[in-house]
Amino acid sequence: MDLLGLADFVLVARHGGFGKAARATGRPKATLSRRVTDLEASLGMRLVERGARMLKLTEEGRALQERAGALLTELDETATAIAAGGDKPRGSLRISAPLLFSQTAIGKLAASFALKYPEVRLEVTTEDRAVDMVEEGYDLVIRVNPNPDNTLVGRIFMRDRLVVVAPANLKYPGNNATVPVIVRDPPGAMNAWAITTDAGASTIKVEPILSLSSLLNVHDAVRMGVGAARLPISLVSDDIASGKLVKWGDVPGSEIGLWALYPSRRLLSARVTAFLDHLKGTFPNGMPDELSAYIHG
């Protein structure tokens, strides 16, 4: 296979067209088009559909871009590392992280990583959406309880769980009593919460009186005395220890796993490996008390 033609195909695919790739690189548009045409001929398959104003990858083209793009990036990084006389992390590292972890920990985590690896240009995007790593150009994503994905591999680096907490002046409900609660997002038809205490499993009646889109906002509202809430133990353990909040019990089946995921390929870039090691060094045991100490430290 013509590696130069393959590299030009990946270049055109990433820029979304021959003209855009030519303008971005200063290469002749005709040369890029000829190289991709020759590659298609050598493979015996069409990789792109050429329109009047846009280029669209075929199914085979998308598959080749995903695999070849990763391999070419690895080759480039390997060549750069050899030329520099080592495998020191350098270059761009794009990460997607969920909202709560970003709001509570990613700032310190990213800053300490940047101080340790000044030649890495770290970019972190915060959103709970499951981004498409390949299509959107991410090197690593952090996800909460991710669904199985055979295109990604990774490791769990933090475990957490939900607990029911309440202001100190709000008493645990007796028989038939209803508790005012704060929830994340619209509550729907919710009217009861399952809870596990030292005495065993039980159910408490609830009335959602406040709905917020952020768990940090929910946390603030509980501390203000509005009502009870279900929150990660890492977020409220300091409040429980200080007496600002009272833990009523655990939420059954609410185990939380934070995963660092990356494309399923044999070789990892030095940048991704360094960030994974940074996570492991920051949270060596991956338990909620470590995250709590990090958040409040």
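Structure: above.
All of these numbers come straight from a predicted model, not from anything done at the bench.

### Focus: the packing of aromatic side chains
On inspection of all chains with the given rule, the structure shows six aromatic pairs. A centroid spacing of 5.2 Å and a plane angle of 65° characterise the contact between Phe113 and Phe275, whose relative ring orientation is edge-to-face. One end of the pair, Phe113, is in helix H5 (residues 99-116); the other, Phe275, is in helix H9 (residues 270-282), with 162 residues separating them in the sequence. Side by side, Phe113 and Phe275 carry an identical accessibility label, which is buried. Pairing Tyr172 with Trp248 gives two aromatic rings, centres 5.2 Å apart and planes at 80°, and the pair type is edge-to-face. Placement of the pair is Tyr172 in the loop between strand E7 (162-167) and strand E8 (178-184) and Trp248 in strand E12 (residues 245-250), with a sequence separation of 76 residues. An aromatic cluster is built from Phe101, Phe157, Phe283 and Tyr294, whose rings are joined through pairwise contacts.

### Observations concerning the pattern of salt bridges
Following the criterion strictly, the structure yields ten salt bridges and no others. Salt-bridge contacts for Glu119 lead to Arg90; the nearest nitrogen and oxygen are separated by 3.2 Å. Residue Glu119 is located in the loop between H5 and strand E4 (120-126), and its partner Arg90 is located in the loop between helix H4 (59-83) and strand E3 (91-97); the two are separated by 29 residues in the primary sequence. Overall, the relative accessible area of 23% leaves Arg90 in the partly exposed class.

### Section: the nonpolar core
Counting residues in hydrophobic clusters, the biggest one holds 26 residues, and the most contacted among them are Phe101, Leu109, Leu140, Ile142, Phe157, Phe275 and Phe283. Going through the elements one at a time, E3, H5, strand E5 (140-144), strand E6 (152-160), strand E13 (256-263), H9 and helix H10 (288-296) are the ones with two or more residues in this core. Counting 18 residues, the second-largest nonpolar core is a separate cluster that includes Phe9, Ala13, Ala22 and Leu57.

### A word on the environment of Val251
Within the secondary structure, Val251 is located in the loop between E12 and E13. Classification of Val251 by relative accessible area gives buried; the value is 11%. Sequence separation of Val251 and Ala201 is 50 residues, and the distance between their C-alpha atoms is 9.6 Å.

### Considerations on the side chain of Gln65
Turning to its location among the elements, Gln65 is positioned in helix H4. Overall, Gln65 belongs to the buried group, its relative accessible area being 15%.

### A word on the pairing of E5
Within E5, four of the five residues are buried, which leaves it mostly tucked inside the rest of the structure. The pairing of E3 with E5 spans two bridges and is parallel. When the bridges of E5 are listed, Ser96 appears paired with Val141. Direction of pairing for E5 relative to E13: antiparallel, over a ladder of four bridges. From the neighbouring strand, Val141 faces E13, where its bridge partner is Leu261.

### Some points on the sheet that holds E3
In space, the five strands of this open sheet follow the order E4-E3-E5-E13-E6, with mixed pairing throughout. If you trace the sheet from one side to the other, it starts and ends with E4 and E6, each paired once. Looking at each pair of strands side by side, their axes are set apart by 20° on average, direction ignored. Sitting on the sheet, H9 is in contact with E3, E4, E5, E6 and E13, with an inclination near 50° to E3.

What counts, and where the lines are drawn
Residues numbered from 1 in each chain as written. Predicted model: local features only at pLDDT ≥ 70, side-chain atom pairs only at ≥ 80, totals over all residues. Heavy atoms only, no water. Phe/Tyr/Trp six-rings, centres within 6.5 Å; stacked < 30°, edge-to-face > 60°. Helix = DSSP H or I, 4+ residues; strand = E, 2+ residues; numbered from the N terminus. Buried < 20%, exposed > 50% of the residue type's maximum accessible area, 1.4 Å probe, protein only. Salt bridge = Lys/Arg side-chain N within 4 Å of Asp/Glu carboxyl O. Core = buried A, V, L, I, M, F, W, Y, C linked by side-chain atoms within 4.5 Å. Pairing = 2+ DSSP bridges. Axes fitted to C-alpha atoms, helices over the stretch in contact; angles between N-to-C directions. Contact = heavy atoms within 4.5 Å.

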